[in-house]
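Next come the chains, spelled out residue by residue.
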Amino acid sequence: MRIGQGIDFHVYKLGRRMILGGIDLELDYGLLGHSDADVLLHALSDAILGALGLGDIGRHFPDSDPAYRGADSGELLKQVLERMHEQGYRLVNADLTLIGQKPKLAPYRDRIEDNIKRLTGCEAINVKATTTEKMGAIGREEGLAAMAIVLLEHATLPEIYQC
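Cut-off values and rules
- The written sequence of each chain sets the order in which its residues are numbered from 1.
- This being a predicted model, a pLDDT of at least 70 is required before a residue's local features are given, and a value of 80 or more before pairs of side-chain atoms are given or counted; all residues contribute to the totals for chains, interfaces and linings.
- Here the side-chain values reflect all heavy atoms present in the structure, with hydrogen atoms and water set aside.
- A pair of strands counts as paired when DSSP detects no fewer than two bridges linking them.
- Numbered from the N terminus, helices here are DSSP runs of H or I no shorter than four residues, and strands are runs of E no shorter than two.
- Between the N-to-C directions of two axes lies an angle of 0 to 180 degrees, each axis being a line fitted to C-alpha atoms and, for a helix, fitted only over the stretch in contact.
- Oblique is the label for every angle not falling under 35 degrees (roughly parallel), over 145 degrees (roughly antiparallel), or within 65 to 115 degrees (roughly perpendicular).
- A clockwise turn of the near helix away from the far one marks a right-handed crossing, whereas an anticlockwise turn of less than a right angle marks a left-handed crossing.
- In what follows, a contact means two residues having at least one pair of non-hydrogen atoms within 4.5 Å.
- Only protein chains enter the accessibility calculation, which uses a 1.4 Å probe. A residue is then buried if its area is under 20% of the maximum for its type, exposed if over 50%, and partly exposed in between.
- One less than the number of residues in a helix, times 1.5 Å, gives the span that helix is expected to have.
- Each direction from the helix axis to a C-beta atom contributes to the arc, which is the arc of those directions.
- We call two N or O atoms a polar contact when they sit within 3.5 Å, provided that within protein one can donate a hydrogen and the other can accept it, with sequence-adjacent residues counted only if both atoms are side-chain atoms.
- Of the grid points, spaced at 1 Å and generated over the protein atoms alone, those admitting a 1.4 Å probe that cannot get out make up cavities, while open sets with protein on both sides within 12 Å along at least five of seven lines make up pockets; any residue with an atom within 4 Å of a point is treated as lining.
- Grid points are joined across faces, edges and corners, and a volume is the space filled by probe spheres set on the points.
- In this classification, the charged set is Asp, Glu, Lys and Arg, the nonpolar set is Ala, Val, Leu, Ile, Met, Phe, Trp, Tyr, Cys and Pro, and all remaining amino acids, among them Gly, are polar.
- Think of it this way: a Phe, Tyr or Trp ring, Trp meaning its six-membered ring, pairs with another when their centres are within 6.5 Å, and the plane angle makes it stacked under 30 degrees, edge-to-face over 60, tilted otherwise.
- Think of it as a cone above the ring: NZ of Lys or CZ of Arg counts as a charge over the ring if it is within 6 Å of the ring centre and within 35 degrees of the ring normal.

Undergrad: Is there a simple way to explain the sheet that holds strand 4 (residues 29-31) in this structure?
TA: Within a sheet, neighbouring strands are paired by backbone hydrogen bonds and run either parallel or antiparallel to one another. With mixed pairing, the five strands of this open sheet are ordered in space as 4-1-7-5-6. A single partner strand is all that each edge strand has here, and the edge strands are strand 4 and strand 6 (125-130). Ignoring which end each strand starts from, the neighbouring axes of this sheet average 25 degrees apart. Pairing geometry for strand 1 (residues 2-14) and strand 4, over three bridges, is antiparallel. Of the residues in strand 4, the one forming a bridge with Leu14 is Tyr29.

Undergrad: In this structure, what is going on with the packing of helix 1 (residues 39-52) against helix 4 (residues 109-120)? I would like to understand it.
TA: Working note: a packed helix pair is described by the angle between its axes plus the distance between those axes. Across the interface, helix 1 lies against helix 4 with an axial gap of 12 Å and an inter-helix angle of 40 degrees. Between helix 1 and helix 4, the angle is such that the two are oblique. Between helix 1 and helix 4 lies a crossing of right-handed hand. Together, Leu40, Leu41 and Leu44 of helix 1 and Ile112, Ile116, Leu119 and Thr120 of helix 4 make up the contact between the two elements.

Undergrad: Would you mind going over unusual backbone geometry with me for this structure?
TA: Of all residues except glycine, most have a negative phi; of all peptide bonds, most are trans. For the bond running from Lys102 to Pro103, omega is -5 degrees, close enough to zero to count as cis. Phi is positive for Glu133, close to 55 degrees, though the residue is something other than glycine. Within the element layout of this structure, Glu133 appears in the loop between strand 6 and helix 5 (136-139). Owing to a relative accessible area of 64%, Glu133 belongs among the exposed residues under this scheme.

Undergrad: Please clarify how helix 3 (residues 73-86) should be interpreted in this entry.
TA: Every α-helical turn comprises 3.6 residues, leaving residues that sit three or four positions apart pointing alike. With 14 residues, helix 3 should cover 20 Å at 1.5 Å per step; its first-to-last C-alpha distance of 20 Å lies within 8% of that length. Looking at helix 3, one finds that the buried residues are Ser73, Gly74, Leu76, Leu77, Val80, Leu81 and Met84. Projection of helix 3 onto a plane perpendicular to its axis shows the buried side chains occupying an angular sector of 155 degrees, all on one side. Near the N-terminus of helix 3, the side chain that reaches the backbone nitrogen of Gly74, with its oxygen 2.7 Å away, is that of Asp72.

Undergrad: Is there a simple way to think about the layout of surface pockets in this case?
TA: Space left empty within the atom packing is revealed by a probe, the size of a water molecule, rolled over the atoms. Considered as a void within the structure, the largest pocket measures approximately 280 Å³ in volume. For the lining of the largest pocket, the secondary structure elements donating two or more residues are strand 1, helix 1 and helix 2 (57-60). For the lining of the largest pocket, the class distribution of residues is five nonpolar, six polar and three charged.

Undergrad: Teacher, can you tell me more about the packing of aromatic side chains here?
TA: The description of two aromatic rings rests on the distance between their centres and on the angle between their planes. Scanning the model with the defined rule gives two aromatic pairs in all. On the numbers, 5.4 Å between centres and 85 degrees between planes, the contact of Tyr12 with Tyr29 is edge-to-face. Of this pair, Tyr12 sits in strand 1 while Tyr29 sits in strand 4; the two residues are 17 residues apart in sequence, bridging distant segments of the chain. Side by side, Tyr12 and Tyr29 carry an identical accessibility label, which is buried. Taken together, a centroid distance of 5.4 Å and an interplanar angle of 80 degrees make the contact between Phe61 and Tyr68 edge-to-face. The residues Phe61 and Tyr68 share a single accessibility class, namely buried. Its end group placed over the ring of Tyr29, Lys102 keeps NZ or CZ at 4.3 Å from the ring centre.

In structure tokens, the structure reads:
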């Protein structure tokens, strides 16, 4: 078994698409980043890479590489999952937390969870949100953060140990 954690931050930008968990929220603001700036999928990818001891998404998909400009974070996650499978692991569960004053997650939560389940092939995906009670840059609505924790298990474990 391996545990990994990931965290990501992006600032808000008017006129950008707001992509969370691979879902376009169709708001008039989004997140600024070299890729689509999906903080949830970035945190999830970092958590998986961390559990595998493979660094972070910046090492694998650097923002200095023009090939990743505007990249779909779902596609980057697929590449991370391929690395996970190559090492003989599978995702057991993922717990993701969005941290920000906006947007409110409730209207989108089910779609986001369903999409992450589809992308990962894992049914044990939990997405939740919290605010910073208006403290700090996130509380001033300057940006959004996400954290992820994952559990991976080696695929060769006996069936009795798999959920």
